[in-house]
Structure formats: C-alpha cells, structure tokens
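The primary structure of each chain is shown beneath.
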Amino acid sequence: MANEDKKDFNKMMNDPMEPKFVTLDAAGAAKWGGSTMVVAPKKDYDELIKKVPSGKLVTTKELRDSIAKKYGTDIACPLTAGIFTNIAAWASYQRTEDITPFWRVVKAKGELNSKFPEYPALQRQKLEAEGFEIIEKRGKYFVKDYERNIIDLAGSDARNR
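Per-chain numbering applies: the sequence of each chain, read as written, is numbered from 1 onward. The model is predicted, so local features are restricted to residues of pLDDT at least 70 and side-chain atom pairs to those at 80 or more, both for listing and for counting; the totals for chains, interfaces and linings are taken over all residues. Note that water and hydrogens are dropped before the side-chain values are worked out from all heavy atoms of the structure.

A. Main features of the overall build of the chain. Within the chain, the regular secondary structure consists of six helices and nine strands. Computation of the radius of gyration draws on C-alpha atoms alone. For the globule rule, the value is 2.2 Å times the number of residues to the power 0.38. In terms of C-alpha radius of gyration, the chain reaches 16 Å, essentially the compact-globule figure of 15 Å for 161 residues. Seen through its C-alpha atoms, the chain measures out along the principal axes to roughly 45 × 40 × 30 Å. Whether a residue is buried, partly exposed or exposed follows from its accessible area with a 1.4 Å probe, protein chains only, as a fraction of its type maximum: under 20%, in between, or over 50%, in that order. Residues counted as buried form 45% of the 161 residues belonging to the chain. Contacts are residue-level and defined by heavy atoms, with any inter-residue pair within 4.5 Å sufficient. Of all intrachain contacts in the chain linking residues separated by at least 6 positions in sequence, the fraction that spans at least 24 positions is 61%. In the form shown here, the chain has an accessible surface area of approximately 8700 Å², with 49% of it arising from carbon and sulfur atoms. Measuring between centres, the 28 positive side-chain charges of the chain sit 3 Å from its 24 negative side-chain charges. For the purposes of this entry, the term helix denotes a DSSP run of H or I that reaches at least four residues, the term strand denotes a run of E that reaches at least two, and both are numbered from the N terminus. Each accessible area is a Shrake-Rupley estimate made with a 1.4 Å probe; only the visible protein chains count as cover when residues are assessed. Just so you know, the count uses Lys and Arg for positive and Asp and Glu for negative, and it drops His and the chain ends. Where a charge lies is defined by one atom per residue type: Lys uses NZ, Arg uses CZ, Asp uses CG and Glu uses CD.

This is the structure in structure tokens:
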C-alpha cells in the first residue's frame, strides 16, 4: 500500500462484504493444503485481532486458521488475510477510540510487519511495553521467543511451545 496518510482505512474496513467461498483446483489444493477456501470480510480480521490479550501474540497463520474454522473451510485466503490485517492496523492507527491491538500480530518466525504504521518503531514500542524483547537480524525485527506467546484463536487457548 502507498500513500497511507491519504486513505480512509476505516471506510475500507467497514465496506459491506460477504464471505466468498472458493473450491480450489488440484494445483491450488496442493499449494495451499486444502480444497475449500474462504475470502472473509475485512471486519473479521479486525474482530479477531481485538481478541488477542496483552502479553500474547498471533501470526497471520493463526488468524487464517480461525477464519477457516469459522466458515468451515480448509483454509482462509492467504493473500487477502495479509491485506485485510494491514487494513485493520491502519484503520486502528487512524482512530482515537476502539483501538485494535494490531502490534500483537507478527509475521512468520515472529517478524514485525513492515507494512504496519510507523514500522518498526510503533510496533516495537508497543510490544516492549508488554514485556516482549525485540531483536534485529539483518535489518529485520523479530520478537524473541515469540512461539511461547502465540495464542490459538481457533481454539481460544494459548499454546505453550
């Protein structure tokens, strides 16, 4: 996304949208590990992120797993999951109330999201305030030992790995 300061992300997030169900062909099923996929509404991602408590983390994989379970599909669309998570982050950033704790969403391997507002400073600041240690590796930022704090939204319990 570009020109985030000129976009109304809350309007984008609240545009009415129905879930779209897709049956994957053999190549898609082999690539994504399932035969049914849902493209869920943007609002679903915002609502899920709001369920992540302080001191816990979620990756886009956990978000997608929870969405797939909600809609009874094998997977949730990986492409729109990333886009809609970013929209939720920017929408929250543009609000002064009803904040979505987007900083608790990390990428695979605990990496901070370079598409989130004020990357990496804001996400880093918020996570450190919750007790997480952020480390830098080759110009990227990661939550140290992030696996111990991942919450399973599909099952609503924290996993200790």
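B. Quick peek at the nonpolar core. By nonpolar core is meant a set of buried Ala, Val, Leu, Ile, Met, Phe, Trp, Tyr and Cys residues that side-chain atoms within 4.5 Å join together. Among the nonpolar cores identified, the biggest contains 41 residues, and Tyr45, Leu57, Leu63, Leu127 and Val143 are the most heavily contacted of them. With seven residues, helix α5 (residues 78-93) is the single largest residue contributor to this core. Those residues in contact with Leu63 that lie beyond four places of it in its chain are Tyr45, Leu48, Ile49, Val58, Thr85, Val105 and Leu153.

C. Up close: helix α6 (residues 121-129). Along α6, the positions that sit buried rather than exposed are Leu122, Gln123 and Leu127. Along the long axis of α6, the arc covered by the buried residues comes to 125°, so they all point the same way. Those residues of α6 that are exposed and angled more than 90 degrees off the buried face are Gln125 and Ala129. Tucked into the core, α6 has its buried residues touching α5, β5 (105-106), β6 (134-137) and β7 (140-143). Working definition: the arc comes from the directions between the helix axis and the C-beta atoms, pointing outward to the latter.

D. Quick peek at the pairing of β7. Here β6 pairs with β7 via four bridges, running antiparallel. Looking across to β7, one finds that Glu136 is bridged to Tyr141. Criterion used throughout: strands pair if DSSP finds at least two bridges between them. Hairpin geometry of β6 and β7 is characterised by an intervening segment of two residues between the two adjacent antiparallel strands and by a positive phi of about 50° at Arg138.

E. Expanded view of the packing of aromatic side chains. Note on ring pairs: Phe, Tyr and Trp rings are taken, using the six-membered ring of Trp, and paired if centres are within 6.5 Å. Classes follow the plane angle, with under 30 degrees stacked, over 60 edge-to-face and the rest tilted. With the rule as written, the count across this model stands at seven aromatic pairs. Aromatic side chains Tyr45 and Phe84 sit 6.1 Å apart centroid to centroid with 65° between the ring planes, which places their arrangement in the edge-to-face category. On the criterion of sequence distance, the pair formed by Tyr45 in helix α3 (residues 42-49) and Phe84 in helix α5 is long-range, its members being 39 residues apart. Considered together, Tyr45 and Phe84 belong to a single accessibility category, that of buried residues.

F. Region of interest: the pattern of salt bridges. A side-chain nitrogen of Lys or Arg and a carboxyl oxygen of Asp or Glu constitute a salt bridge if their distance falls within 4 Å. Taken as a whole and assessed by the stated rule, the structure comprises eight salt bridges. Of the charged contacts in the structure, one is a salt bridge between Glu128 and Arg124, with a shortest N-O distance of 3.1 Å. Of this pair, Glu128 and Arg124 both sit in helix α6, four residues apart, roughly one helical turn. Residue Arg124 is classed as partly exposed on the basis of its relative accessible area, which comes to 29%. What you see here is one network of salt bridges that share partners, running through Asp46, Lys50 and Asp98.

G. Expanded view of the sheet that holds strand β4 (residues 75-76). Read across the sheet, three strands follow the order β1-β2-β4 without closing on themselves; strand pairing throughout is mixed. Both edges of this open sheet fall to β1 (20-23) and β4, since each of them pairs with a single strand only. As judged from the four bridges shared by β1 and strand β2 (residues 36-39), these two strands associate in the antiparallel manner. The partner of Phe21 across the bridge, within β2, is Val38.

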